[in-house]
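Reading the structure
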Amino acid sequence: MRIRAKPHALGGWARAAALFACLLTGTAVAGDAALAAPAIRISAANPVPACATPERLMAFLRARNKDLDPRFKDIAVWYKRYGEALGVRWDYAFFQMLIETNYLTFRRGNGKRGDVDPSQNNFAGIGATGGGVPGNSFPDVATGVRAQLEHLVVYSGERVPNPVAERTRAKQDDILSWTAPLSRKRPVTFQDLAGKWAADRAYGRSIELTAERFRKTYCDGDQIATAGKETHAAARAPAWQTTTARAGAAALAAPRPTRAIRPPAPEPRAAEPSACRVLTASYGGTKTMLIRHVAEDAVEYTALRVLDGFEETMTESYINAHAPGGTLIGEFSSSEAAFARAFQLCPAADRG
């Protein structure tokens, strides 16, 4: 059963807001031809481009909202942090937020307040079904961002254990009834949100237009991966698996040598630093993963808190972003247990 389409967060105004924003920026609205929109989930074929940094996203936002509430000054950092942890195209989630909140003004195109109040920290109209219904509220900016990204995970066809949003908990099965089968055929894209996340059939185009305006200003010709360029297999396979598959195919296609070739001698392995330190990091949750990483000056042991059900995804994301070449030492039920093991491995570390 397909879920019933709901209006936008601010009472069904987002298309008008997109038109209003286009008038402000002098950008023409696209015609009926749908613009390419990327898959919701990050993959080797669908990465967040290097030009999409939190600093640039905030500059893009401030250029369109001169009176930005100071509470939101670091909001792009939370999109990156939770987006990497959950494997979501966090740059497009940020653009979706701009459409939903009219650049964090929480006002309609006519200047009037929408159904969602800024104090709710609800950045994607979660539970705001129109007619003045304000939707879900979250205790802080970080939790509100996490709620939106978890909702996007469900729309990508994957179940979220213990989501923070009441709406996600209540409607997860309904959403998965159509997103899960679709995700087995092809990656679910931001274009697929049209008519479902929001009633507006132009919802995906509005998000893409916002992304295009950002790219024209900040990406300087950087290549952007879109849904039309990736295959389903590449979108769902881990980056290492896709790379290995390409390497294997290249090896099969390469001509065989006619004589034996002696492989080059392996380079000597550099000695590991004698110093060590214990660090902590968190994506939320209580389960803790202990990661070992050899930095330039010390061996680091990081106790990383992760959400139940996302242990592998969040650990891989953290290692890729902050501990390249790192390895997982173990999984622990609490931070205390992980720290106890870390200090066994690094007894000289500061416990302050």
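I will try to describe carefully the structure that is included in this document. (Residues numbered from 1 in each chain as written. Predicted model: local features only at pLDDT ≥ 70, side-chain atom pairs only at ≥ 80, totals over all residues. Heavy atoms only, no water.)

Overview of helix H10 (residues 311-322)
- When the terminal C-alpha atoms of H10 are compared, their 16 Å separation across 12 residues agrees well with the 16 Å that a helix rising 1.5 Å per residue should span.
- In the core, the buried residues of H10 are packed alongside helix H3 (75-86), strand E1 (276-282), strand E2 (287-294), strand E3 (299-306) and strand E4 (327-332). (Helix = DSSP H or I, 4+ residues; strand = E, 2+ residues; numbered from the N terminus. Expected span 1.5 Å × (residues − 1). Contact = heavy atoms within 4.5 Å.)

A word on unusual backbone geometry
- One non-glycine residue, Tyr103, adopts positive backbone phi at about 60 degrees.
- Turning to its location among the elements, Tyr103 is positioned in the loop between helix H4 (90-101) and helix H5 (141-155).
- With phi around 55 degrees, Asn121 is a residue other than glycine that occupies positive phi space.
- Residue position: Asn121 is located in the loop between H4 and H5.

Quick look at the state of the cysteines
- A full pass over the atoms with the stated rule returns 2 disulfides.
- Two residues, Cys51 and Cys219, share a disulfide whose sulfurs are 2.1 Å apart. Residues Cys51 and Cys219 share a disulfide whose torsion about the S-S bond is about 70 degrees; that sign makes it right-handed. Of this pair, Cys51 sits in the loop between helix H1 (14-25) and helix H2 (54-62) while Cys219 sits in the loop between helix H7 (203-218) and helix H8 (232-236); the two residues are 168 residues apart in sequence, bridging distant segments of the chain.
- Here Cys51 falls in the buried class, since its relative accessible area comes to 1%.
- A residue is classified by how much of its surface remains accessible, and Cys219, at 2% relative accessible area, is buried.
- Paired by a disulfide, Cys276 and Cys346 hold their sulfur atoms 1.9 Å apart. Here the S-S torsion is close to 95 degrees, and the disulfide linking Cys276 with Cys346 is therefore right-handed. (Disulfide = S-S within 2.5 Å. Buried < 20%, exposed > 50% of the residue type's maximum accessible area, 1.4 Å probe, protein only.)

With respect to the pattern of salt bridges
- By the definition in use, this model includes 17 salt bridges.
- Across the pair Arg41 and Glu158 runs a salt bridge whose closest N-O atoms are separated by 2.8 Å. On the criterion of sequence distance, the pair formed by Arg41 in the loop between H1 and H2 and Glu158 in the loop between H5 and helix H6 (166-183) is long-range, its members being 117 residues apart.
- Judged by its relative accessible area of 10%, Arg41 falls in the buried class.
- As a salt-bridge pair, Glu150 and Arg146 come within 2.9 Å of each other at their nearest N and O atoms. On the criterion of helical spacing, the pair formed by Glu150 and Arg146 is a turn pair, its members being 4 residues apart in helix H5. For the pair Glu150 and Arg146, a shared accessibility class is recorded, and that class is buried. (Salt bridge = Lys/Arg side-chain N within 4 Å of Asp/Glu carboxyl O.)

Remarks on the packing of H5 against H6
- Contact geometry of H5 with H6 gives a least axis separation of 8 Å together with a crossing angle of 25 degrees. The orientation of H5 with respect to H6, classified from their angle, is roughly parallel. Every residue of H6 that contacts H5 at His151, Val154 and Tyr155 is listed here: Arg167, Thr168, Gln172, Ile175, Leu176, Trp178 and Thr179.
- Considering only residue class, the contact of H5 with H6 consists of 5 nonpolar, 4 polar and 1 charged. (Axes fitted to C-alpha atoms, helices over the stretch in contact; angles between N-to-C directions. Parallel < 35°, antiparallel > 145°, perpendicular 65-115°, else oblique. Nonpolar A, V, L, I, M, F, W, Y, C, P; charged D, E, K, R; others polar.)

Topic: the pairing of E3
- E3 sits mainly inside the fold: 7 of its 8 residues count as buried.
- Where E1 meets E3, 7 bridges bridge the pair, whose relative direction is parallel. Directly across from Val278, in E3, lies its bridge partner Tyr301.
- The pairing of E2 with E3 spans 8 bridges and is classified as antiparallel. For Ile291, the partnering residue across the bridge sits in E3 and is Thr302. (Pairing = 2+ DSSP bridges.)

A few points about the packing of aromatic side chains
- Following the criterion strictly, the structure yields 16 aromatic pairs and no others.
- Plain terms: the ring middles of Phe60 and Phe214 are 5.5 Å apart, the flat faces sit at 90 degrees to each other, and that makes the pair edge-to-face. Here the residue Phe60 occupies a position in helix H2, and Phe214 occupies one in helix H7, the gap between them amounting to 154 residues.
- You can call Phe214 buried: its relative accessible area is 1%.
- Both rings, one in Phe95 and one in Phe214, keep their centres 5.5 Å apart while their planes meet at 50 degrees; by these two values the pair is tilted. With a gap of 119 residues between them, Phe95 in helix H4 and Phe214 in helix H7 connect regions that are remote in the sequence. Phe214 matches Phe95 in its accessibility class, with the two residues each being buried. (Phe/Tyr/Trp six-rings, centres within 6.5 Å; stacked < 30°, edge-to-face > 60°.)

Some thoughts on the side chain of Glu100
- The topology assignment puts Glu100 in helix H4.
- Within polar-contact distance, the side chain of Glu100 engages the side chain of Tyr203 at 2.6 Å. (Polar contact = N/O pair within 3.5 Å; in protein donor to acceptor, adjacent residues only side chain to side chain.)

Shape is all these values report; function is a separate question.
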